[in-house]
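Residue strings, one per chain:
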Amino acid sequence: MKVEVFDKIYIGSSPIMMLDALNSNLKNKKVLIIDKSNVLGGAWKSIELFGCKNLENAVHYLLPNEEGYNFLENIFNVELEDSTRKFYALKILDIKFLISVKNFLGKIIYLINGGDQRDNLTKKLFFKKLFSKSHVKSTLYPKGGISQVVEKIKEKVICSSIELRLNEEILFINIKDDLAFIETNKRNFIGKKMFISHGFIPPDKFYINNKKVLLNLKKHPRPSLHINTICDEKVKKYSLPFRFSQVLFPKGSNIKYVHQISQFLDSRKDKKQQIVVVALRHDLKNNFLNYLKIAKELEDFGVIPKVKQRLKNDFYWQDILIPQIDDNDLNYICNRSRNVIESFKTECFNTALGNYSKIWNFK
């Protein structure tokens, strides 16, 4: 069987991987992208749910990085939006309400309510967070959703001479003689360079110089719940459920944050349809009772419209475990391979854009 040889082989098709592949292609390198999915985009690809196509998994916020912002705006003509439609979910006694993240008083009450999900709030930390520059307030996001960014990158990849092998699962990797030998469920490849990122899940048969690579993969559970609601015209036109973009909940809540993703939908059959995705506490269990509790909490804050009855098919639960490989793992793999394998640090998309765009040659 003939084995194809490539200058560069990318394992996975996240936006950063596709962009670097495009940059390599501009330099007349023979480039291949392998992905086990049948769709480009990696963890950023859209899903089909509740009768809607190209539904986003979340509102993908872009942490502050000017080089990243400039790259999206100047190279891909992406219009970015500020945090005007981001809110804190607050509770005083039994009163639940939302307040803009731009409101300084709201920030104080939010911190008193429990503050950021990741931190145990102390007096010292309270004042540090109170007067520090807030990433929550200063982050931007694509006005038309991240899917427009991914689609623009995908179009360039598809129109290029980059070879794509989608819907192929990698069964075997061996790095030897300064080459990457890769076997999928369909064919074999040889790469002079192989590229991976945090989304890389090593196959059971992963070797460097014929010695098996053993990694203690980390599991970070990030469950999420999509909730579908059909509203009436009055709710659609005037109420908060169609005006917010993100709501942040304080530490101690079952909910970490909720994103309103109907704002990016052009494919809704029913224009009265609202869909949100809720990031949940990592230990929350997947059962219908919890679905209803989460929906009730969001109804109480006015984030989703109240309805008399919610059915099981109004919900879509995902048990997400990301990333399994951390920076130390990536460095270890690259060093052991004598840099036949190179890695991209992609946990923060906009930071990665800012860093890697400096070495790309897009105009």
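This text follows the structure it describes.
Summarised in this report is the structure supplied together with it. (Residues numbered from 1 in each chain as written. Predicted model: local features only at pLDDT ≥ 70, side-chain atom pairs only at ≥ 80, totals over all residues. Heavy atoms only, no water.)

1. Some details on the pattern of salt bridges
One pass over the structure, following the stated rule, counts 13 salt bridges. Across the pair Asp7 and Lys192 runs a salt bridge whose closest N-O atoms are separated by 3.3 Å. Placement of Asp7 in strand S1 (residues 4–11) and of Lys192 in strand S12 (residues 188–197) is noted, with a sequence separation of 185 residues between them. As a salt-bridge pair, Glu81 and Arg85 come within 2.8 Å of each other at their nearest N and O atoms. (Salt bridge = Lys/Arg side-chain N within 4 Å of Asp/Glu carboxyl O. Helix = DSSP H or I, 4+ residues; strand = E, 2+ residues; numbered from the N terminus.)

2. Comments concerning the nonpolar core
Counting residues in hydrophobic clusters, the biggest one holds 33 residues, and the most contacted among them are Tyr10, Ile16, Leu19, Ile153, Val157, Leu353 and Trp360. Contributions of two or more residues to this core are made by helix H1 (15–26), strand S2 (31–35), helix H2 (66–75), helix H6 (146–159) and helix H10 (349–356). In terms of residue count, the dominant contributor to this core is H1 (six residues). (Core = buried A, V, L, I, M, F, W, Y, C linked by side-chain atoms within 4.5 Å. Buried < 20%, exposed > 50% of the residue type's maximum accessible area, 1.4 Å probe, protein only.)

3. Side note on the side chain of Thr139
Considering the arrangement of structural elements, one finds Thr139 in the loop between helix H5 (135–138) and strand S8 (141–142). Looking at Thr139, its side chain comes within polar contact range of the side chain of Lys86, at 3.0 Å. Setting aside residues no more than four positions away along its own chain, Thr139 makes contact with Tyr61, Leu62, Leu63, Pro64, Tyr69, Glu81, Asp82, Ser83 and Lys86. (Polar contact = N/O pair within 3.5 Å; in protein donor to acceptor, adjacent residues only side chain to side chain. Contact = heavy atoms within 4.5 Å.)

4. A word on the side chain of Ser343
One can find Ser343 in strand S20 (residues 341–344). Given the relative accessible area of 18%, Ser343 is considered buried. Ignoring any residue separated from it by four or fewer positions in sequence, one finds Ser343 in contact with Ile196, Leu330, Cys334 and Tyr356.

5. Side note on the environment of Lys29
Here Lys29 is to be found in the loop between H1 and S2. Under the relative-accessibility criterion, Lys29 is labelled partly exposed at 37%. Taking the C-alpha atoms as reference, Lys29 lies 6.0 Å from Asp7; in sequence the two are 22 residues apart.

6. Considerations on the packing of aromatic side chains
Summed over the entire model, instances satisfying the criterion amount to 18 aromatic pairs. Aromatic pair Phe344 and Tyr356: ring centres 5.0 Å apart, planes at 80°, arrangement edge-to-face. Taken together, the residues Phe344 in strand S20 and Tyr356 in helix H10 connect sequence positions twelve residues apart. For the pair shown, Phe344 and Tyr356 are each scored as buried. Here a set of aromatic residues connected by ring pairs shows up, and it is made of Tyr10, Phe71, Phe76, Phe195, Phe344, Tyr356, Trp360 and Phe362. Just above the ring of Tyr61 sits the side chain of Lys86; from NZ or CZ to the centre is 4.1 Å. Over the face of the ring belonging to Phe181 we find Lys176, whose NZ or CZ atom lies 5.6 Å from the ring centre. (Phe/Tyr/Trp six-rings, centres within 6.5 Å; stacked < 30°, edge-to-face > 60°. Lys NZ or Arg CZ within 6 Å of the ring centre and 35° of its normal.)

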